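A structural walkthrough
Listed here are the chains, written in short residue letters.
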There are 4 protein chains.
Amino acid sequence: MLLESLRTAVLEANLELVRRGLVLYTFGNASGVDRERGLVVIKPSGVDYDDLRPEHMVVTDLHGKRVDGTLNPSSDLDTHTLLYRAFPAIGAVVHTHSEFATSFAQSGIPIPPLGTTHADYFYGPVPCTPDLTDEAIQSRYVHNTGQAIVDHFVTNNIDPMAVPAVLVSGHAPFAWGKDPHDAAHNAVVLEAVAKMAYKTLTLTPGHKGVSQALLDRHYFRKHGATATYGQ
Amino acid sequence: MLLESLRTAVLEANLELVRRGLVLYTFGNASGVDRERGLVVIKPSGVDYDDLRPEHMVVTDLHGKRVDGTLNPSSDLDTHTLLYRAFPAIGAVVHTHSEFATSFAQSGIPIPPLGTTHADYFYGPVPCTPDLTDEAIQSRYVHNTGQAIVDHFVTNNIDPMAVPAVLVSGHAPFAWGKDPHDAAHNAVVLEAVAKMAYKTLTLTPGHKGVSQALLDRHYFRKHGATATYGQ
Amino acid sequence: MLLESLRTAVLEANLELVRRGLVLYTFGNASGVDRERGLVVIKPSGVDYDDLRPEHMVVTDLHGKRVDGTLNPSSDLDTHTLLYRAFPAIGAVVHTHSEFATSFAQSGIPIPPLGTTHADYFYGPVPCTPDLTDEAIQSRYVHNTGQAIVDHFVTNNIDPMAVPAVLVSGHAPFAWGKDPHDAAHNAVVLEAVAKMAYKTLTLTPGHKGVSQALLDRHYFRKHGATATYGQ
Amino acid sequence: MLLESLRTAVLEANLELVRRGLVLYTFGNASGVDRERGLVVIKPSGVDYDDLRPEHMVVTDLHGKRVDGTLNPSSDLDTHTLLYRAFPAIGAVVHTHSEFATSFAQSGIPIPPLGTTHADYFYGPVPCTPDLTDEAIQSRYVHNTGQAIVDHFVTNNIDPMAVPAVLVSGHAPFAWGKDPHDAAHNAVVLEAVAKMAYKTLTLTPGHKGVSQALLDRHYFRKHGATATYGQ
């Protein structure tokens, strides 16, 4: 079976989203990329999680052309492939409609860095894209969703490996990482961070977030050459 | 046993409501209709879910006259039958007191379409009926609850298959669908949509909802001749 | 064993509170009364729920004098016994620190009847007692807590069987019923009602509650000679 | 194995945090101290809870020098050891990013004593430290976090055994107790208290808390020579 270990990792990332309560019915999808072969492995569309097996995963090229599998890929495929083309360092993408992160996306506001839980994972606000124009919605909508993400990161000079998640306005979050396990982990932490941001902002409206010094300290504790966390 | 497969489907829809946390004790009911025979199958009133079996389901005609079964039907029967008579395309009705949808019903406000989760299922706001008059409450209350729903959809020209749920002011939601599985699924999604709408509206009060273009795109992605979602 | 079936019913009511998530660690207690013998059965103080057996229940007279058992009774005993003496129709009392009902008690505000879930169980607001005076706190505090409940019901002419629960200001709820099963059921419904009231009041501040006609209709649907709910 | 029973107690406290939903992934840590030997037992950094065994616990002296074990200690070790040096009565320290207590810490506000659940455990507000200066963050950050806690308790004359928890501004709570079981218990109760305080303060903004008489009554019911709670 082509890309067997990546299929297994992508399936496992999808199941992690279910276990952590981020996914209702089939409202979510995870994918991974094999950079050497230029192939993407993604969940099929609308299949019950209980029935998912590695062989059900769909394999496409980096432009979404199916090269293996008979099922339809996730309807969000074009967003995933565009992110892979634009962000060469990422190895996996996850999309959920998790309750609190989606509520921020619906509100159209970023999640400010309100504490160290956030700072350990996201080096600055988790941004929210601007609304798509009617034209962008009416033409290549799924592709244009990805383009809005990429444009927002480029325009605002945000490193996608330092802020591995985004809120799509009026829609829901995407998260990514170096591999499917990491991307799913980031999606789970994003939801935890969003939960606490919701409480913080309703308790103390207008809170702008922690200092740059605290952001630096926590982010570099877990990332980069000076990381000290873990074994 | 009369209507055996419909009884099983109605029981299963009732149990799905319990599994998804939409029902406390016996606060909910699901029914289905056999359009050819003009018969409705509905949960009995006030029986523990653990004890429910297909043979406990009550069979009535479209005006609520019991034609099979010895138990009393759900006390909301007259609302169900009125919806079946008024909305010929629906095949099942579900009623719950699920926490967030009921909170909107208690507030007497519709759930605006704040994101794509909503737009995938409900083509516009989930409406809230006006309060019943004292006279309507004091006479045929359960029937009049159904009438308030139907009047609101007719007056506002809402297609019940495009918006398969409603909030009854000061009471709780009803949802429906083409069959019991679909109606329960819509009730579960309604609760998820209400949860996120509550967070969105408390974060950004006055939010009016997404653009018509986004509503169109998402709704028609899952419905109608141009649907692309699923297998 | 004295009062064996009442001990079992009281234990079962205590366990129902745990199963429904109303009790953290040992923060709750249920009791029942045998009116013929004038005896109260109550949970012992501070014992883990996992270890509770019917023989651990403590038996006292209606003034709290222990007549059977070696363990200390719940520290809230004097509130329970006072309620039994003042409200002759009740057969059981339950006390929890359940999250949402306690939050209303901490806020010092009643839970208004915002919908039919409430109206099915509580015929009017769930009242909140006034704060105890420092003198009442410093003297017979537990007794005076019960006295504040009774005074509030008497002064405001509230029938304890029509409104089988109260919020003690700055403390937490008490609920009661005709037997331990019924009292625990009312405590569980109170928490569900409080959850929805919290959402309703934060969505639509100042909401005063449903009409008297709706209160009448729902309450008398389940209570009294004209009840139609259930089998 | 050195300090075997303390290792087991520390592991069990860590697992209690997971069971009670206070910890996501590895976001938490518990430690205990052997005062006679001057040794601290603490969870290793970034190890999955499923894999934790007593022998994985790390043993250090009171200045954080590892004296047994090969794994890295929790990255928060320097806060724990400073608390042990400054607060001689405490026997264990727990740190979590539990949702509601962390939200108060992110808001930078104390949790006022809004009811008797709080008063049974915390004799006054659960305080929140001032923000660390950039210099404190950029130098010995973890040590300085502990110093901010100790300074706040000393400056405000708070007895750490009467208020066995603190919120670190922009970060999360620490709790402590006479042993690991007690510290974990206090962290669990802190989260329950924070949950209810969040609801109370959003229902009734500006609520200042219960009277000193009620604080006294509840706190001394469970603590000190006149305690009457339990067996």
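Residues numbered from 1 in each chain as written. Chains lettered and ligands numbered in written order. Predicted model: local features only at pLDDT ≥ 70, side-chain atom pairs only at ≥ 80, totals over all residues. Heavy atoms only, no water.

**Some details on the sheet that holds strand E6 (residues 165-167) of chain C**
For sheets, the rule is that strands pair by backbone hydrogen bonds, running either parallel or antiparallel. All names here are of chain C. Rules: At least two bridges found by DSSP between two strands are what make those strands a pair. A run of H or I in DSSP counts as a helix once it spans at least four residues, and a run of E counts as a strand once it spans at least two, with each numbered from the N terminus. Where helices are involved, their axes are fitted lines through C-alpha atoms of the stretch in contact, as for all axes, and angles between N-to-C directions lie from 0 to 180°. Note on definitions: a residue-residue contact is assigned when non-hydrogen atoms from the two residues lie within 4.5 Å.
Read across the open sheet, the seven strands follow the order E4-E3-E2-E1-E5-E7-E6; overall the sheet is antiparallel. Among the strands making up the open sheet, the edge pair consists of strand E4 (66-68) and E6. The sheet shows a mean angle of 25° between the axes of neighbouring strands, direction not considered. By the bridge criterion, five bridges tie strand E1 (residues 28-34) to strand E5 (residues 92-96) in an arrangement that is antiparallel. Its bridge partner lying in E5, Ser 31 is registered against Val 93. Contacting E1, strand E2 (39-42), strand E3 (58-61), E4 and E5, helix H1 (residues 4-19) crosses the sheet at an angle of about 155° to E1.

**A short note on the interface of chain A and chain B**
Interface extent is often summarised as the accessible area lost during association of the parts. Here is the rule we go by: Once two parts are brought into contact, the accessible area they lose, counted with a 1.4 Å probe and summed over both, makes up the buried area. In the sections that follow, a salt bridge refers to a side-chain nitrogen of Lys or Arg positioned within 4 Å of a carboxyl oxygen of Asp or Glu. Distance and chemistry together define a polar contact, namely a pair of N or O atoms within 3.5 Å, with one atom able to donate a hydrogen and the other to accept it when in protein, and with adjacent residues in sequence counting only for side-chain atoms on both sides.
On the chain B side, the residues contacting the 31 residues of chain A number 32 residues. Considering only the side of chain A, the residues that lose the most area to chain B are Tyr25(A), Gln106(A) and Tyr198(A), jointly responsible for 25% of the buried surface there. Across the chain A-chain B interface, the total number found is one salt bridge. Among the ionic pairs, Lys199(B) bridges to Glu99(A), the shortest N-O distance being 2.4 Å. The tally of links between chain A and chain B comes to 16 residue pairs in polar contact (both at pLDDT 80 or more). Of all the secondary structure elements, the ones that give two or more residues to the side of chain A that touches chain B are helix H3 (99-107), helix H5 (134-138) and helix H7 (180-203) of chain A. Per-element accounting of the side of chain A that touches chain B gives the leading share, seven residues, to H3(A).

**Quick notes on the packing of helix H3 (residues 99-107) of chain C against helix H7 (residues 180-203) of chain D**
Geometrically, a packed helix pair is captured by the angle between its two axes and the distance between the axes. This is how it is decided: Roughly parallel means an angle under 35 degrees; roughly antiparallel, over 145; roughly perpendicular, 65 to 115; everything else is oblique. Two helices that cross are described as forming a left-handed crossing if the nearer one is turned anticlockwise from the farther one by less than a right angle, and a right-handed crossing if clockwise. Each residue is assigned to one class: nonpolar for Ala, Val, Leu, Ile, Met, Phe, Trp, Tyr, Cys and Pro, charged for Asp, Glu, Lys and Arg, and polar for all the others, Gly among them.
Viewed as axis vectors pointing N to C, H3(C) and H7(D) meet at an angle of 50°, and their least axial separation amounts to 8 Å. Taken together, the axes of H3(C) and H7(D) are oblique relative to one another. Handedness of the crossing formed by H3(C) with H7(D): right-handed. Touching Glu99(C), Phe100(C), Thr102(C), Ser103(C), Phe104(C), Gln106(C) and Ser107(C) of H3(C) are Lys195(D), Met196(D), Ala197(D), Lys199(D), Thr200(D) and Leu203(D), all from H7(D). The residue inventory of the contact of H3(C) with H7(D), partitioned by class, reads five nonpolar, five polar and three charged.

**Remarks on the UniProt feature "domain: Class II aldolase/adducin N-terminal" (unreviewed entry) in chain A**
Definition in use: UniProt positions are given in the numbering used here, feature names are shortened, and annotations may be inferred rather than shown by experiment.
As recorded in UniProt, the feature "domain: Class II aldolase/adducin N-terminal" (unreviewed entry) lies at residues 8-198 of chain A. The annotated region residues 8-198 of chain A carries 39% helix and 16% strand content, and the separation between its end C-alpha atoms amounts to 34 Å.

**Here we look at unusual backbone geometry**
Residues and elements named next belong to chain A. Defined as follows: Per-residue accessibility, obtained with a 1.4 Å probe over protein chains only, is compared with the maximum for each type, and a residue is labelled buried under 20%, exposed over 50%, and partly exposed between these values.
The backbone of Asn 157 sits at a positive phi, close to 55°, despite the residue not being glycine. Among the structural elements, Asn 157 can be located in the loop between helix H6 (141-155) and strand E6 (165-167). For Asn 157, a relative accessible area of 72% translates into the label exposed.

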